[in-house]
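Descriptive structure summary
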Amino acid sequence: MFETLTDRLNETFARLGRKGRLTEQDVEDAMREVRRALLEADVNFKVAKDFVAAVRERAVGQDVLHSLTPAQTVIGIANEELIKVLGEEGQGLRAPDRPPQILMLVGLQGSGKTTHAAKLAVHLRKQGRNPVLVAADVYRPAAVNQLQALGKQIGIPVYEEGTGRNPVDIAANALRFANERGHNPIIIDTAGRLQIDDRLMQELVDIRDRVHPTEILLVADAMTGQEAVNVAQTFNERVGASGLILTKMDGDARGGAALSIRAVTGVPIKFIGTGEKLDALEPFHANRLAGRILGMGDILSLIERAQEATTEEDALDLQEKMLKGQFNLEDFLEQLQKIKQMGPINQLLEMIPGLGAQLRQAKAEISDDDYKRVEAIIHSMTPDERRNPEVIGRRRTARIAKGSGTSIQEVKQLLKQFEEMQRMMTQMGRMAKKGKMPKGLPFNLG
Amino acid sequence: MILKFFRRKTQPDVQMEQGLEKTRRGVFLEITRLFERGALDDDLYEELEMLLIQADVGWDVSQKLVKDLQRRVREERIEDSLLARDILREEMIALLETASRNRTVKILQRGVPFVIMVVGVNGVGKTTSIAKLAAYHQGFGRNVLIAAGDTFRAAAIDQLKVWGERVGAPVIAHEQGSDPGAIVFDAMQAAHARGVDVLIVDTAGRLHTKHNLMAELTKLRRIMQKTVPEAPQETILVIDATTGQNGLVQAKEFADAVAISDILIAKLDGTAKGGIAFSVAKELGIPISYVGTGEKATDLAEFRPDTYVDSLFFGEGEGF
């Protein structure tokens, strides 16, 4: 929905480029675009302002004015600065001074605490630990049942006392329980609360003072707006947060809230929640989040999705076929289905950095229905036709069109496109043999 | 018997006013102070833009509001800053009202269940909002049935059942992991058989980027339409008031998938301003119809642009 920063900066500088030299005012215009990109990513207003000031200072120092690619230079600086603010990568969880390790999850309603308590348990068990989950949310209807159900699903015990007891006592009793049974770590799921709810905030303080958690993890929704700063600041001041878990990052939120929280509270980002499955918890990577906040696309996630959809052997096999010119419609169909598994085409296109104007064009032209049409056409061919499309004459074309519910023209078009693709591949194959393989193909399709 | 919906005005307004009280104490009160300070200079406009953005109104809409104000101040030669404030207020209300006009008058017909489908991303407060909607309709003497269509999230069904008991509305549910389509089908049958006035269908939270889950919503609609061709008569998207600019993308994607008729802004009892309402109204023209303001089943109010904007502007609500 939002234009990317790369796009806007290119536009800004292109407009300026025509009149010759860039002036300081031009740099100001570029800074305005950086600020806008941050605000559209929900970075806090004040944080964005300070951040832009830092970028401006460096931009002036690096002489953006004389750069041949000013847009790239500005983005490069912004990206580096972002990574700096976002902080160190993959900080693990703190080790306790003396076991057990106690993790307490806090946050607003609906941020994903219960789900992430379970995800953390799965994550820690993978490291050979023996976690226990503690149901300390006695307010939300069925919150205890939810944690129990999750515990059952992942085979991790849940300590609960129903909803009749006070969460402070529950947490303390859970400690004793864990001690007796040798569970470590202890993961406490607390009720969601508004940061302005004094009574409930005090409850967190009481739990903290009773069980002395190793980590107090603030769970925040990646979609949070400007409010993120107030929420994080209040939780941090009253209860003290030691780490942040940013949830729902599998959507398309830019996640600027994380930058605000980090900048204002200094609390390190520890994990990123990337899906509804209980193993969808990833360590935090500053460079990825930076790219996303700036709207630069997310090539790494794209590659990851591609890897999920295929194996290395398949990829090598395919490459071989492509280069030898043996790539047929059957392979094409298979590739199409793999791409489909990766998600809607528009979303995939958005992950590719720097597509800009072409992207909008492509988005207007390609829809997921196109997949279906192409699939239908290929499905209406005989196996022999798929392997040797050259046998398809006029009568076969008519039959295929009828069978797939498309027009003769559409079938012809597909065959023509495929032929061109094949020609291109053989050319590439020849070049590869001579050692002239063009570098910089964005990623291995499939 | 035909009942017109949304006629009752007084009580929901009082509630909206109360719910917004905390919100009002924040940013928007500062807007009033800003104008009371006097001079209509660049500083004022810059600060105004900042305050709007802090309320999640978003870059585009903030720019528009500030520029429109500047233009009118210039063209109408306004020097009184309080007059300028009133113009801003007008513009803000007008922006929301444009969308509100798209709100259709919904008619409740005897013998035909009025079906409400509630959708949204994870954690926005769908289930709680459903309980509130149930209580709201019961307040008009309507017979309400709830369908537990969230079969994905652990214990979502239990949560809904607890709410159902609290508000005294029966809940049609299968077990977790079952097909939501089957529940919707059963609920539609039950609504008919029991002569239910209003059927509220819960759905699992889903990110708008998960295309297969979005397609599932379309399927649920088709199942409803087999029994009642015009169902769902209301499709409500719940948006969390703390949501930032992604709220607009959410609204667009959900609207593309299932034709959202109304938006409910939940959790407006915190300090979040729900400013994304302006972007949604401006860009998509979908009416904001309800606001959720607390944790009780009665904490639901009809959204009214003037109440919303006024509550945020003035210490005392006007027109109540």
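1. Re helix α7 (residues 156–167) of chain B
Three or four residues apart is the spacing at which side chains of an α-helix point the same way, because the helix has 3.6 residues per turn. In a regular helix each residue adds 1.5 Å, so twelve residues correspond to 16 Å; α7 of chain B covers 17 Å between its end C-alpha atoms and thus fits that length. Of all the residues in α7 of chain B, the buried ones are Ala 156, Ile 157, Asp 158, Gln 159, Leu 160, Trp 163 and Gly 164 of chain B. Elements that come into contact with the buried residues of α7 of chain B comprise α6 (143–154) of chain A together with α6 (126–138), β4 (144–147), β5 (171–172) and β6 (198–202) of chain B. Two residues or fewer past α7 of chain B, Gly 168 of chain B is found with a positive phi of approximately 75°.

2. Points about the interface of chain B and chain A
Of the residues lining the interface, 36 residues belong to chain B; the matching set on chain A comes to 36 residues. If you list the elements that add at least two residues to the side of chain B that touches chain A, you get α3 (42–54), α7 and α10 (246–258) of chain B. Taken together, the residues of the side of chain B that touches chain A sort by class into 14 nonpolar, 15 polar and seven charged.

3. Structural notes on the environment of Arg 208 of chain A
Residue and element names in this part refer to chain A. When you line up the elements, Arg 208 lands in helix α8 (residues 198–211). Along the sequence, Arg 208 and Glu 33 sit 175 residues apart, while their C-alpha atoms lie 43 Å from each other. Here Arg 208 is in contact with Met 104, Pro 213, Ile 216 and Val 239, once residues within four sequence places are set aside.

4. Examining the pairing of strand β7 (residues 234–240) of chain B
Look at any regular strand and the pattern is simple: side chains alternate between the two faces of the sheet. Residues and elements named next belong to chain B. Along β7, seven of the seven residues are buried, which leaves the element largely enclosed by surrounding structure. Of the two faces of β7, both are covered, the one formed by Glu 234, Ile 236, Val 238 and Asp 240 as well as the one formed by Thr 235, Leu 237 and Ile 239. Here four bridges tie strand β3 (residues 114–119) to β7, and the two strands are oriented parallel to one another. Residue pairing across strands places Val 118 opposite Ile 236, the latter belonging to β7.

5. What to know about the environment of Thr 104 of chain B
Structurally, Thr 104 of chain B is set in the loop between α5 (81–100) and β2 (107–108). The spacing of Thr 104 of chain B and Gln 233 of chain B is 129 residues in sequence and 9.9 Å in space, taken between C-alpha atoms.

6. Examining the packing of helix α9 (residues 228–238) of chain A against helix α10 (residues 256–265) of chain A
Residue and element names in this part refer to chain A. Packing of α9 against α10 leaves a shortest axis separation of 9 Å and a crossing angle of 40°. Taken as axis vectors, α9 and α10 run oblique relative to one another. For α9 against α10, the interelement crossing comes out right-handed. Residues Ala 228, Val 229, Ala 232, Gln 233 and Asn 236 of α9 lie in contact with α10, whose contacting residues are Ala 257, Ser 260, Ile 261, Val 264 and Thr 265. Looking at side-chain class alone, the contact of α9 with α10 contains six nonpolar, four polar and no charged residues.

7. Things to note about the nonpolar core
Counting 187 residues, the largest nonpolar core has Leu 133 and Val 134 of chain A together with Ile 146 and Ile 200 of chain B as its most contacted members. A domain-level breakdown of this core finds at least three residues from each of domain 1 (5–86) and domain 2 (102–296) of chain A. Leave out the neighbours within four places in its chain, and Val 134 of chain A touches Tyr 159, Ile 170, Ala 171, Ala 174, Ile 186, Ile 187, Ile 188 and Asp 189 of chain A. Listed in part, the eight residues of the second largest apolar core include Ile 377, Ile 378, Val 411 and Leu 414 of chain A.

8. Here's the deal with unusual backbone geometry
The step from Pro 99 of chain A to Pro 100 of chain A runs through a cis peptide bond, and the omega angle for that step is 0°. Topologically, Pro 100 of chain A is positioned in the loop between α4 (70–86) and β1 (102–106). In this structure, the amide linkage connecting Ala 231 of chain B to the following residue, Pro 232 of chain B, adopts the cis form with an omega of -10°. Structurally, Pro 232 of chain B is set in the loop between α9 (211–227) and β7. Positive phi values are uncommon outside glycine, yet Asp 42 of chain A reaches one of about 70°. With respect to the helices and strands, Asp 42 of chain A occurs in the loop between α2 (24–40) and α3 (45–61).

9. Notes on the confidence of the model for chain B
Residues and elements named next belong to chain B. Residues of chain B with pLDDT of at least 70 account for 88%, and the chain-wide mean is 87. In this model, residues 1–10 is a region of pLDDT below 50 whose contacts with residues beyond four sequence positions or in other chains number eleven contacts. Counted against residues more than four places away or in other chains, residues 314–320, with its pLDDT under 50, gives ten contacts.

10. Description of the sheet that holds β6 of chain B
All names here are of chain B. Spatial strand order, β5-β4-β6-β3-β7-β8-β9-β10: eight strands in an open sheet with mixed pairing. Each of the sheet's edge strands pairs with one partner strand only, and the pair in question is β5 and β10 (300–302). Where strand β9 (residues 288–292) lies against β10, three bridges are found, and the strand directions are antiparallel. The residue of β10 that forms the bridge with Val 291 is Ala 301.

Cut-offs and rules
- Residues numbered from 1 in each chain as written.
- Chains lettered and ligands numbered in written order.
- Predicted model: local features only at pLDDT ≥ 70, side-chain atom pairs only at ≥ 80, totals over all residues.
- Helix = DSSP H or I, 4+ residues; strand = E, 2+ residues; numbered from the N terminus.
- Expected span 1.5 Å × (residues − 1).
- Buried ≥ 20, exposed ≤ 12 C-beta atoms within 10 Å, placed from the backbone.
- Contact = placed C-beta atoms within 7 Å.
- Nonpolar A, V, L, I, M, F, W, Y, C, P; charged D, E, K, R; others polar.
- Pairing = 2+ DSSP bridges.
- Axes fitted to C-alpha atoms, helices over the stretch in contact; angles between N-to-C directions.
- Parallel < 35°, antiparallel > 145°, perpendicular 65-115°, else oblique.
- Left-handed = near helix turned anticlockwise from the far one by under 90°.
- Core = buried A, V, L, I, M, F, W, Y, C linked by C-beta atoms within 7 Å.
- Domains from an automatic or database assignment.
- pLDDT = per-residue confidence, 0-100.

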